[in-house]
Amino acid sequence: MTVDLSSKIQNTQFKNLFLNASGIHCQSKKELEELMNDHYSGGLVTKSATPNSRFGNPLPRYHSLPAGSINSMGLPNEGFQFYLDYVTHSNIQKPTILSIAGMSKEEDLELLHQIQDSKYQGLTELNLSCPNVIGKPQMAYDFASSNQMLKEIFAFFKKPLGIKLPPYFDLVHFDKIAKILNQYPLSHVNTINSIGNGMWVDVEKESVVLKPKGGFGGIGGAIALPTALANVRALRQRLNASINIIGTGGVTSGKDAFAHVLCGANMVSIGTQLYEEGLGAFQRINNELIEIMKAKGYHSLDDFRGKLKEQ
Ligand code: SIN
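Residues numbered from 1 in each chain as written. Predicted model: local features only at pLDDT ≥ 70, side-chain atom pairs only at ≥ 80, totals over all residues. Heavy atoms only, no water.

**Student:** Summarise the site of the ligand; cite the residues concerned and give the values.
**Tutor:** In the vicinity of the ligand, the contacting residues are Lys47, Asn71, Met73, Gly74, Leu75, Pro76, Asn127, Cys130, Pro131, Asn132 and Asn193. The contact in question runs from an oxygen atom of the ligand to an N or O atom on the side chain of lysine 47, over 2.8 Å. In isolation the ligand has 250 Å² of accessible area, and contact with the protein removes 93% of it. When its residues are assigned to classes, the shell around the ligand shows 5 nonpolar, 5 polar and 1 charged. (Near = heavy atom within 4 Å. Polar contact = N/O pair within 3.5 Å; in protein donor to acceptor, adjacent residues only side chain to side chain. Areas by Shrake-Rupley, 256 points an atom, 1.4 Å probe, with all protein chains shown as cover. Nonpolar A, V, L, I, M, F, W, Y, C, P; charged D, E, K, R; others polar.)

So this is what it looks like as structure tokens:
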């Protein structure tokens, strides 16, 4: 029995549904090349770029947890031009998602103008949800500002654009953000970013485990799966069908990827597990998903996407 893992975001066709989460294995040229050459990921997401390169937050800024991770990276990246050059000049063999994260609305608009004026034809993703930059709020929690920003963006931006969202925890908030997003021709939303401002305590040392922000950091990995699934599901139930969903959060196995698709994800991105296991995670999770689909008699993702049953 053949199984087809191909998927689409708007008109962009991916040979399979798997992506790296932005920030994982996608900062340097070497990492991007390794991702580009990996046979088992369908596309490539670049590290969220700021106008200028950044070292990011002081170390230690990543810590493995028993069931996931906590990080406060602070957007370390090579600067916007580096990533724009990469996605427009390199030997591109798979679809790309150019992720950007200006430090202010003005910076976001400026970066989007540059993309609009460039020859880049791939997908762009505006990260409105990084919890780790000191003094920079997670914009997507401010509904009025997000709406205003999208209004200004779509007055000039005509290329495919998605948004990286933080997790929401209240059904009213899902209603509110979906009502805003549905007014715009977004290609996709990517849900979720890490669960912001968690904390882990090293009891032996009686200390936090991260240096930045007094130890507060974004929670990812297996522990984030229920929150991620809830966000994919709640948004799929509310967003226009034309807005596709990249499910991110807590994927460590083919079973987790299957659950994301069942909740409505078009694509699935992998963060903590990719960081911990390396690029081999793509092949393993691909194979596990194929086995599950074969066992259930599913030929394509459309056979079960969004078809989660209620009790
Ligand atoms: C970071 O660089 O702090 C993580 C990226 C993000 O949360 O958007």
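There's plenty left to go through after this.
**Student:** Residue-level account of the nonpolar core, with values.
**Tutor:** Note that soluble globular proteins tend to have their nonpolar side chains buried in a common cluster. Grouped together as the largest cluster of nonpolar side chains are 74 residues, with contacts concentrated most on Leu5, Phe18, Leu112, Leu150, Ile153, Leu165 and Leu181. The residues touching leucine 112, leaving out its near neighbours within four places in the chain, are Ile100, Thr124, Leu126, Ile153, Phe156, Phe157 and Leu161. Judged by nonpolar contacts, the second largest core, of 9 residues, contains Val209, Leu210, Ile219 and Ala224. (Core = buried A, V, L, I, M, F, W, Y, C linked by side-chain atoms within 4.5 Å. Buried < 20%, exposed > 50% of the residue type's maximum accessible area, 1.4 Å probe, protein only. Contact = heavy atoms within 4.5 Å.)

**Student:** Give a detailed account of unusual backbone geometry, specifying residues and quantitative values.
**Tutor:** With an omega of -5°, the peptide bond running from leucine 59 to proline 60 counts as cis. Structurally, proline 60 is set in the loop between strand 4 (44-45) and strand 5 (62-65). Of note, the amide linkage connecting threonine 191 to isoleucine 192 takes the cis form, showing an omega dihedral of 20°. One can find isoleucine 192 in the loop between strand 10 (188-191) and strand 11 (195-198). The residue glutamine 10 is not glycine, and still its phi comes out positive at about 45°. Relative to the assigned elements, glutamine 10 resides in the loop between strand 1 (7-9) and strand 2 (12-14). On the basis of relative accessibility, which here comes to 33%, the residue glutamine 10 falls in the partly exposed class. For histidine 25, which is not glycine, the phi torsion reads 55° and is therefore positive. Along the chain, histidine 25 turns up in the loop between strand 3 (18-20) and helix 1 (29-37). (Helix = DSSP H or I, 4+ residues; strand = E, 2+ residues; numbered from the N terminus.)

**Student:** Go over the sheet that holds strand 14 (residues 217-220), please, and point to the residues and values.
**Tutor:** An order of 5-6-14-11 is seen for the 4 strands of this open sheet, with the pairing classed as antiparallel. The sheet terminates laterally at strand 5 and strand 11, the two strands that pair on one side only. Recorded for the sheet is a direction-independent mean angle of 30° between the axes of neighbouring strands. As paired elements, strand 5 and strand 6 (residues 68-71) share 4 bridges and run antiparallel to each other. Within strand 6, the position partnered with leucine 65 by the bridge is glycine 68. (Pairing = 2+ DSSP bridges. Axes fitted to C-alpha atoms, helices over the stretch in contact; angles between N-to-C directions.)

**Student:** I'd like a description of the side chain of serine 146, backed by residues and values.
**Tutor:** Position of serine 146 relative to the elements: it lies in helix 4 (residues 143-154). Judged by relative accessible area, serine 146 falls into the buried class, the value being 2%. Ignoring sequence-local partners within four residues, the contact set of serine 146 consists of Met139 and Ala140.

**Student:** Account for helix 9 (residues 280-296), naming residues and giving values.
**Tutor:** Taking 1.5 Å per residue, 17 residues should reach 24 Å; helix 9 reaches 25 Å between its end C-alpha atoms and fits that length. As for helix 9, its buried residues are in contact with strand 3, helix 1, helix 7 (254-263), strand 16 (267-270) and helix 8 (272-277). (Expected span 1.5 Å × (residues − 1).)

**Student:** Could you give an account of the packing of helix 6 (residues 225-238) against helix 7, with specific residues and numbers?
**Tutor:** For the pair helix 6 and helix 7, the least separation of the axes is 8 Å and the interaxial angle reads 25°. Looking at the two axes, helix 6 sits roughly parallel to helix 7. Residue-level inspection shows Leu225, Ala228, Leu229, Val232, Arg233 and Arg236 of helix 6 in contact with helix 7, the latter providing Asp256, Ala259, His260 and Cys263. (Parallel < 35°, antiparallel > 145°, perpendicular 65-115°, else oblique.)

**Student:** Now, about the packing of helix 5 (residues 171-181) against helix 6: what can you tell me, with residues and values included?
**Tutor:** Packing of helix 5 against helix 6 brings their axes to within 10 Å, and their N-to-C directions diverge by 50°. As far as their axial angle goes, helix 6 and helix 5 are oblique. By crossing handedness, the relation of helix 5 to helix 6 is classed as right-handed. Of the residues in helix 6, those in contact with Leu171, Phe174, Asp175, Ile177 and Ala178 of helix 5 are Ala230, Asn231, Ala234, Leu235 and Arg238. In the contact of helix 5 with helix 6, the residues fall into 7 nonpolar, 1 polar and 2 charged. (Left-handed = near helix turned anticlockwise from the far one by under 90°.)

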